[in-house]
Amino acid sequence: MKLIHISDIHLTLPGEEMGGLDPHARFARALADIGNNHADAARIVITGDLTHWGEEGAYEALKAAVAGAPVPVRLMIGNHDDRATFRKVFVDHPVDANGFVNHAETLDGVRLIYLDSVGDKTHAGHFCVKRRDWLRAELEGCDRARIFLHHNPMEIGLPAEDKIALVAEDRPGFRALLEEFADRIDYVHFGHVHAPIHGRYAGVQFASVPSTGNQSLPDLHEADLLQGAPMEPAYFVLLVNGDDTIIHQVPFNWTGPVYTAGTEWDDWAKPDVAAAE
């Protein structure tokens, strides 16, 4: 199974920039690259910050963009989104019994679980008891699962970023679920931090994906200010084969030189040495 993981597209009203970039053009390039190279993927999963200011026009632009996507798309909301406005535009999008944008589906025997980790007027993540109960029921009802959410559910060693991770009061409950069901959770995937970060938490592998816009800089000392730069964006290609997961980072916006080389030993010989032989 091939899955595409995109996050933090930060769409604005069409024509408006976000961080000096055109987020609509960036997102369109990502979708085009997926269509050209990964149309065989099972899903495109977008883990939140679908918009930058939660505006209805931005969601309408997203709705039009994903309608023409080369692969079926699954959406989640992030801290820059507005749940009510998202649901107003995506009227048929599934939600749980409490109105959270929690939903799930099973592909190739794996339960893909899409979580709503958004709080009210805060950039930090929230995952209350009602949401934990929903997640528990999903995990209890499957043999294998893969979790997607917007916020990093753990601290990642970046003091400023960790201020807007999943809040401290909700973190133990989320961790306890991961520990309890670690034998059936293949991976946790998230966005939010605009950077590729990989590791293991509560017995489960995790990975965060870069943004399609600006990227964050990994400052392990700065305590207050988030730092970003217009570095190359990317999305992830997840290759899932049983218990194995391979993650490729695709720099879809790169237009610079591309060099090629063969794979034989002599193809990498130092030129003057090869000539002497």
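Since the model is a prediction, treat every value here as computed from it, not as a measurement. Each residue is numbered by its place in its chain's sequence as written, counting from 1. Residues qualify for local features only when their pLDDT is at least 70, as the model is predicted, and side-chain atom pairs are given and counted only at 80 or more; totals for whole chains, interfaces and linings, by contrast, use all residues. Water and hydrogen atoms were dropped before computing side-chain values, which therefore reflect all heavy atoms in the structure.

Novice: Just checking my understanding: could you explain the pattern of salt bridges for this structure?
Specialist: Two side chains bearing opposite charge may form a pair once their charged atoms approach each other closely. We define a salt bridge as a contact between a side-chain nitrogen of Lys or Arg and a carboxyl oxygen of Asp or Glu at a distance within 4 Å. Applying the stated criterion across every chain, the model contains 15 salt bridges. Between Arg 131 and Asp 116 there is a salt bridge; the shortest N-O distance is 3.5 Å. One end of the pair, Arg 131, is in helix H4 (residues 129–140); the other, Asp 116, is in the loop between strand E5 (110–114) and H4, and 15 residues separate them in sequence. With respect to burial, Arg 131 and Asp 116 carry one shared label: buried. One salt bridge in this structure joins Asp 186 and Arg 146, with 4.0 Å as the shortest N-O distance. Of this pair, Asp 186 sits in strand E7 (residues 185–190) while Arg 146 sits in strand E6 (residues 145–149); the two residues are 40 residues apart in sequence, bridging distant segments of the chain. Summary of the burial criterion: residues with accessible area below 20% of their type's maximum are buried, those above 50% are exposed, and those between are partly exposed, where the area comes from a 1.4 Å probe applied to protein chains only. Assessed through its relative accessible area of 0%, Arg 146 is described here as buried. The network of salt bridges with common partners includes Arg 43, Arg 74 and Glu 105. Helix numbers and strand numbers start at the N terminus; a helix is a DSSP run of H or I with at least 4 residues, a strand a run of E with at least 2.

Novice: Could you clarify how one ought to interpret unusual backbone geometry in this entry?
Specialist: In most cases, non-glycine residues show a negative phi, while peptide bonds are predominantly trans. Backbone geometry at His 10 places phi at a positive 50 degrees, although glycine is not the residue there. Structurally, His 10 is set in the loop between strand E1 (2–6) and helix H1 (23–37). Relative accessible area serves as the criterion here: at 3%, His 10 is assigned to the buried category. Residues other than glycine seldom take positive phi values, yet Asp 108 does so here, at roughly 50 degrees. By secondary structure assignment, the location of Asp 108 is in the loop between strand E4 (103–107) and E5. Among the residues examined, Asp 108 registers a relative accessible area of 64% and is labelled exposed.

Novice: Would you mind going over the sheet that holds strand E3 (residues 73–76) with me for this structure?
Specialist: Within a sheet, each strand pairs with its neighbour through backbone hydrogen bonds, oriented either parallel or antiparallel. Strand pairing is assigned whenever DSSP identifies at least 2 bridges connecting the two strands. The strand order E3-E2-E1-E12-E13 describes an open sheet built from five strands, whose pairing is mixed. At either end of the open sheet lies a strand with only one pairing partner, and these are E3 and strand E13 (244–250). Ignoring which end each strand starts from, the neighbouring axes of this sheet average 20 degrees apart. With four bridges joining them, strand E2 (residues 43–47) and E3 adopt parallel strand pairing. Within E3, the residue paired with Thr 47 across the bridge is Met 76. Running at roughly 170 degrees to E1, H1 makes contact with E1, E2, strand E12 (235–241) and E13 of the sheet. Note on method: axes are straight lines fitted to C-alpha atoms, helices fitted across the in-contact stretch only, with angles between N-to-C directions ranging 0 to 180 degrees. In what follows, residue pairs with any heavy atoms lying within 4.5 Å of each other are defined as contacts.

Novice: Looking at this model, I keep getting lost on the environment of Pro 23. Mind explaining?
Specialist: In this fold, Pro 23 is placed in helix H1. With 152 residues separating them in the primary sequence, Pro 23 and Arg 175 have C-alpha atoms 33 Å apart.

Novice: Whenever I open this one, the packing of aromatic side chains confuses me. Can you help?
Specialist: Here a ring pair, both rings aromatic, is described through the centre-centre distance and the interplanar angle of the planes. Ring pairs shown here join Phe, Tyr and Trp side chains whose ring centres sit within 6.5 Å, with only the six-membered ring taken for Trp; geometry is labelled stacked below 30 degrees between planes, edge-to-face above 60, and tilted in between. Inspection of the entire model under this criterion finds six aromatic pairs. Ring plane angle 25 degrees and centroid distance 5.0 Å describe the contact between Phe 86 and Phe 90, whose orientation is recorded as stacked. For the pair Phe 86 and Phe 90, a shared accessibility class is recorded, and that class is buried. Among the aromatic residues, those joined into a ring-pair cluster are Tyr 59, Phe 86 and Phe 90. The criterion for a charge sitting over a ring is simple: Lys NZ or Arg CZ within 6 Å of the ring centre, and within 35 degrees of the ring normal. One residue, Arg 131, lies across the ring of Phe 100, its end atom 4.1 Å from the ring centre.

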